[in-house]
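Letter by letter, the chains look like this.
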Amino acid sequence: MSRKIHIVGNWKMNQTLGDIKNFFTDLQGLKGQDCQTWVAPQFVHLAFAKEYAPSFVKIGAQNCSHELTGAFTGDVSAAALKEMGIDFTIIGHSERRAFFGETHTILNQKTKLALKTGLDVIFCVGETLKEREDGKTESVVQEQLDEGLAGVAPNAKLLIAYEPVWAIGTGKTATPAQAQEVHAFIRQHLSTLGHKGQDVVILYGGSVKPDNVAELLNCPDIDGGLVGGASLKSSDFKALCLNR
Ligand code: PGA
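Just so we're clear, the structure is a prediction, and the values are computed from it rather than from any experiment.

**Student:** How should I be thinking about the overall build of the chain in this particular structure?
**Tutor:** When its secondary structure is counted, the chain shows ten helices and eight strands. The C-alpha atoms of the chain give a radius of gyration of 17 Å, which matches the 18 Å a tight globule of 244 residues would have. The C-alpha extent of the chain, read off along each of the three principal axes, is 45 × 45 × 35 Å. Here the chain holds 244 residues, and the buried ones make up 51% of them. The long-range share in the chain, meaning contacts at least 24 apart out of those at least 6 apart in sequence, stands at 74%. Element-wise, carbon and sulfur atoms account for 52% of the exposed surface of the chain, whose accessible area totals about 10,900 Å². For the chain, the distance from the average site of its 24 positive side-chain charges to the average site of its 27 negative ones is 5 Å.

**Student:** What is the right way to look at the site of the ligand in this model?
**Tutor:** The ligand sits among 13 residues. The nearest are K12, H93, E163, G169 and S207. The side chain of E163 places a nitrogen or oxygen atom 2.6 Å from an oxygen atom of the ligand. Measuring from an oxygen atom of the ligand, one finds a backbone N or O atom of G228 at 2.8 Å. For the ligand, whose unbound accessible area comes to 280 Å², protein coverage reaches 95%. Here the residues of the shell around the ligand sort into four nonpolar, seven polar and two charged.

**Student:** What should I look at first to understand the pattern of salt bridges in this one?
**Tutor:** A side chain of one charge can pair with a side chain of the opposite charge if their charged atoms are brought near each other. Applying the stated rule across the entire model yields eleven salt bridges. One salt bridge connects R3 with D223, and the closest N-O pair in it is separated by 2.9 Å. One end of the pair, R3, is in the segment before β1 (6–10); the other, D223, is in the loop between α9 (213–217) and β8 (224–227), with 220 residues separating them in the sequence. Take D223: its relative accessible area is 4%, and that puts it in the buried class. Across the pair K238 and D26 runs a salt bridge, and its minimum N-O distance is 3.4 Å. One end of the pair, K238, is in helix α10 (residues 234–243); the other, D26, is in helix α1 (residues 17–27), and 212 residues separate them in sequence. Look at the salt bridges and you will find they share partners, linking R3, R187, D221 and D223 into a network.

**Student:** What am I meant to see in the pairing of strand β7 (residues 202–205) here?
**Tutor:** A regular strand carries its side chains on alternate faces of the sheet. Covered by surrounding structure in β7 are I202 and Y204 together with L203 and G205, the residues of both alternating faces. Bridge count between strand β6 (residues 158–162) and β7: three bridges; the pairing is parallel. Within the sheet, the bridge partner assigned to Y162 lies in β7 and is Y204. Of the strand pairs in this sheet, β7 and β8 are connected by two bridges, and their pairing is parallel. Looking at β8, one finds that G205 is bridged to L226.

**Student:** Would you mind showing me how to read the packing of helix α5 (residues 104–117) against helix α7 (residues 137–148) here?
**Tutor:** Helix packing for two helices is described by the angle between their axes and how far apart those axes are. Remark: α5 packs on α7, axes separated minimally by 8 Å, with the N-to-C direction vectors making an angle of 50 degrees. Between α5 and α7, the angle is such that the two are oblique. Facing H104, L107, N108 and T111 of α5, the residues of α7 in contact are E143, Q144, E147 and G148. Classifying every residue of the contact of α5 with α7 gives one nonpolar, five polar and two charged.

**Student:** Sorry if this is basic, but what is going on with the nonpolar core here?
**Tutor:** Most often, soluble globular proteins keep nonpolar side chains buried together rather than apart. Ranked by size, the top nonpolar core spans 58 residues in total, and within it F24, I59, F123, I160, I186 and Y204 carry the most contacts. Per-element tally for this core: the top contributor is helix α8 (residues 176–192), with five residues. Those residues in contact with I160 that sit more than four places away from it in its chain are F123, V125, L145, L149, I186, L190, V200, V201, I202 and L203. One finds A40, F88, C124 and L203 within the second-largest nonpolar core, a separate group that totals twelve residues.

**Student:** Is there a simple way to explain the sheet that holds β6 in this structure?
**Tutor:** In a beta sheet, neighbouring strands are held together by backbone hydrogen bonds and run either parallel or antiparallel to one another. In spatial order, the strands read β1-β2-β3-β4-β5-β6-β7-β8; together these eight strands close into a barrel with parallel pairing. Adjacent strand axes in the sheet meet at a mean angle of 25 degrees, parallel and antiparallel pairs treated alike. Across five bridges, β1 lies against strand β2 (residues 36–40) in parallel orientation. Paired with V8 across the bridge in β2 is W38. Each of β5 (120–125), β6 and β7 touches α8; the most contacted strand, β7, lies at about 150 degrees to it.

Conventions we followed
- Residues numbered from 1 in each chain as written.
- Predicted model: local features only at pLDDT ≥ 70, side-chain atom pairs only at ≥ 80, totals over all residues.
- Heavy atoms only, no water.
- Helix = DSSP H or I, 4+ residues; strand = E, 2+ residues; numbered from the N terminus.
- Rg over C-alpha atoms; globule rule 2.2 N^0.38 Å.
- Buried < 20%, exposed > 50% of the residue type's maximum accessible area, 1.4 Å probe, protein only.
- Contact = heavy atoms within 4.5 Å.
- Areas by Shrake-Rupley, 256 points an atom, 1.4 Å probe, with all protein chains shown as cover.
- Lys, Arg positive; Asp, Glu negative; His and termini not counted.
- Charge placed at Lys NZ, Arg CZ, Asp CG, Glu CD.
- Near = heavy atom within 4 Å.
- Polar contact = N/O pair within 3.5 Å; in protein donor to acceptor, adjacent residues only side chain to side chain.
- Nonpolar A, V, L, I, M, F, W, Y, C, P; charged D, E, K, R; others polar.
- Salt bridge = Lys/Arg side-chain N within 4 Å of Asp/Glu carboxyl O.
- Pairing = 2+ DSSP bridges.
- Axes fitted to C-alpha atoms, helices over the stretch in contact; angles between N-to-C directions.
- Parallel < 35°, antiparallel > 145°, perpendicular 65-115°, else oblique.
- Core = buried A, V, L, I, M, F, W, Y, C linked by side-chain atoms within 4.5 Å.

Below, the structure written as structure tokens:
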């Protein structure tokens, strides 16, 4: 099956309402491009983003709760997101793992619940610099996949994002060869877990920019980018979609 190219903007804790309105007005020009364009704003901006986004843009969350309802002050339910017409959620971003202590168990619960609720899930994996230097990249990624995806149905609407932690927001991009090697490993490992590895969209994330997107996306197992910094301005986002 041919996998479609996806450019996914992870806006993290950025953008004002004015920025969002301008961004989406400017993005109208991308209509008809053969590229899936997805954007994940902050929770409070989701409804506003849905209102202003062109219809070809999918809007998603950056996280969701491990429970569907109940006494979880400050959390946001996948069911509430779905009810609002939200299309997808990112789960397991390294910033969630590092700053919010999200464990394999919690991430597995979130992933299963979000998928069951009908959201597409972008499940993030990736090693730290120390882990790479210690030769542990594959074992770390394998553990994140094994634990995070335990019990996830093979036909789930699941995308994977490989984001080496040392490349996120640092301007240090993995070389296409480094990224391709891990992507191929992920694809093969997904198959051993019972998923249709060849069909799963696997995004690369970590300092993707308009000037390096093409060389990364030319790799056979890289199907798109999960982009932070370079997704904030519409000019950069459009260039990512056009240059790839
Ligand atoms: P970056 O972030 O593009 O700013 O490196 C990517 C991400 O964290 O998803």
